[in-house]
Amino acid sequence: MLFVSETESAALASHEMAREAVRQALIDACDAQTKSFPVVHGHGSNLANRFTVKAAAAREVAGLKVGSYWPGNLDIGLPRHNSLILLFDQEKGRIGAAIEAGTLNAYRTAAADAVAAEALARRDAATLAIFGAGHQARYECTAVAKVRPIRRVLVVARNPAQATDMIAELAAQGIAAEPASAEAACSAADIIVTATSATAPLFRAEWVRPGTHVASIGSDATGKQELPPELLAGATLFCDLPSQSRVIGEFQHAPDGADLIAIGEVLAGRRPGRRSDHEITVFDSSGLSIQDLYIARHLLAKRGASHAQ
């Protein structure tokens, strides 16, 4: 079995690699031969410590990802989120590769929103509102800024110290950012991204301007919610996988009978994306295992190429 450590996988990861892998994964998620299996939600001996198991099989790859959230890690200087991707050797039924993927998962999650923004956000979108100032929110800003001409980031966060740190990190990357209230951020934004663990709407639907693209990444379990239902009722709805989004994603709060469009269908040219500059588009990223498997394969290919040099 091949083992890739967190140190090595983080060094090989990039936004460009993640975007390429995730784009293809989202397209192939719509393939009849791709199966995303029911998500398992569990917890550790301490109920505050949680984990998720997501598994999938496609034409050429099968495996799973275990994602964990241990909130106490912050007190001992470790990340609260971590991930492990396991790829099967499909001939022998054993694990062929195990990849520690904490950082890689952050790239993968941000890549899904970047791919969706590239397909759905207005081409002139220049102001990004980000809800949340944690680890993932920082990757989201950088990823979106690579596909749209973002000149201003408005940070909405409960923790002022976290927001200050994030603004400084973005400034070091040449991205201008500033703190803002929820209403001010939504009222000015061309793109809104929510990266929180909220269980109630973070803002009011009427604060969102026509033509805005909205992305939710935090809703990945029953009961989670970041967006107001009124927004979903009046927007065009896209997601990574409709069947999963309806059960554990943001669209568990969408109107019954709403047309949930898989973003892979748009990327493949089978469904339209944005149809006008006044349309509000919403993308729900509940997170697919097929994305993990594809980015793992890309990483292994890059690793192999670097070792061959």
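Report on the accompanying structure.

Thresholds applied
Residues numbered from 1 in each chain as written. Predicted model: local features only at pLDDT ≥ 70, side-chain atom pairs only at ≥ 80, totals over all residues. Heavy atoms only, no water. 1 Å grid on protein atoms, 1.4 Å probe; cavity = no way out; pocket = protein on both sides within 12 Å on 5 of 7 lines; lining within 4 Å. Points joined across faces, edges and corners; volume = space filled by probe spheres on them. Helix = DSSP H or I, 4+ residues; strand = E, 2+ residues; numbered from the N terminus. Nonpolar A, V, L, I, M, F, W, Y, C, P; charged D, E, K, R; others polar. Axes fitted to C-alpha atoms, helices over the stretch in contact; angles between N-to-C directions. Parallel < 35°, antiparallel > 145°, perpendicular 65-115°, else oblique. Left-handed = near helix turned anticlockwise from the far one by under 90°. Contact = heavy atoms within 4.5 Å. Pairing = 2+ DSSP bridges. Core = buried A, V, L, I, M, F, W, Y, C linked by side-chain atoms within 4.5 Å. Buried < 20%, exposed > 50% of the residue type's maximum accessible area, 1.4 Å probe, protein only. Expected span 1.5 Å × (residues − 1).

## Topic: the layout of surface pockets
- Here the largest pocket defines a volume of roughly 1,600 Å³.
- If you trace the largest pocket, you find 49 residues lining it, with Tyr-69, His-81, Gln-136, Thr-196 and Ser-197 closest to the centre.
- The dominant element in the lining of the largest pocket, judged by the number of residues it contributes, is helix α3 (residues 102-120), at six residues.
- Of the residues that constitute the lining of the largest pocket, the class distribution is 15 nonpolar, 24 polar and 10 charged.

## Some details on the packing of α3 against helix α4 (residues 135-145)
- Contact pair α3 / α4: the axes reach a minimum separation of 8 Å and the direction vectors enclose 45 degrees. Taken as axis vectors, α3 and α4 run oblique relative to one another. For the crossing formed where α3 meets α4, the hand is right-handed. Counting all contacts with α3, which are made through Thr-103, Asn-105, Ala-106, Tyr-107, Thr-109, Ala-110, Asp-113 and Ala-114, the residues of α4 involved are His-135, Gln-136, Tyr-139, Glu-140, Ala-143 and Val-144.
- Here the residues of the contact of α3 with α4 sort into seven nonpolar, five polar and two charged.

## Comments concerning the sheet that holds strand β11 (residues 191-194)
- Across the sheet, which stays open at both edges, the eight strands sit in the order β10-β9-β8-β11-β12-β15-β13-β14 with parallel pairing between neighbours. Each end of this open sheet is capped by a strand with a single partner; those strands are β10 (177-179) and β14 (260-262). Going across the sheet, the axis of each strand differs from the next one's by a mean of 20 degrees, ignoring polarity.
- Summarising the sheet, strand β13 (residues 236-239) and strand β15 (residues 281-284) pair through four bridges and their orientation is parallel. Bridge pairing in β15 links Phe-238 to Phe-283.
- Across the sheet, α3 lies against β11, β12 (213-216), β13 and β15, angled at about 160 degrees from β15, the strand it touches most.

## Some thoughts on the nonpolar core
- Membership of the largest hydrophobic core comes to 69 residues, with the highest contact counts inside it found for Ile-85, Ile-130, Val-153, Val-155 and Ile-290.
- In terms of residue count, the dominant contributor to this core is α3 (11 residues).
- Ignoring sequence-local partners within four residues, the contact set of Ile-85 consists of Leu-64, Lys-65, Ala-97, Ala-98, Ile-99, Ala-101, Leu-104, Asp-292, Leu-293, Ile-295 and Ala-296.
- Counting 24 residues, the second-largest nonpolar core is a separate cluster that includes Ile-192, Val-214, Leu-231 and Leu-260.

## Some remarks on α3
- Here α3 is 19 residues long and its end C-alpha atoms lie 28 Å apart, about the 27 Å a rise of 1.5 Å per residue gives.
- Of all 19 residues making up α3, 17 are buried, and the element is well covered by its neighbours.

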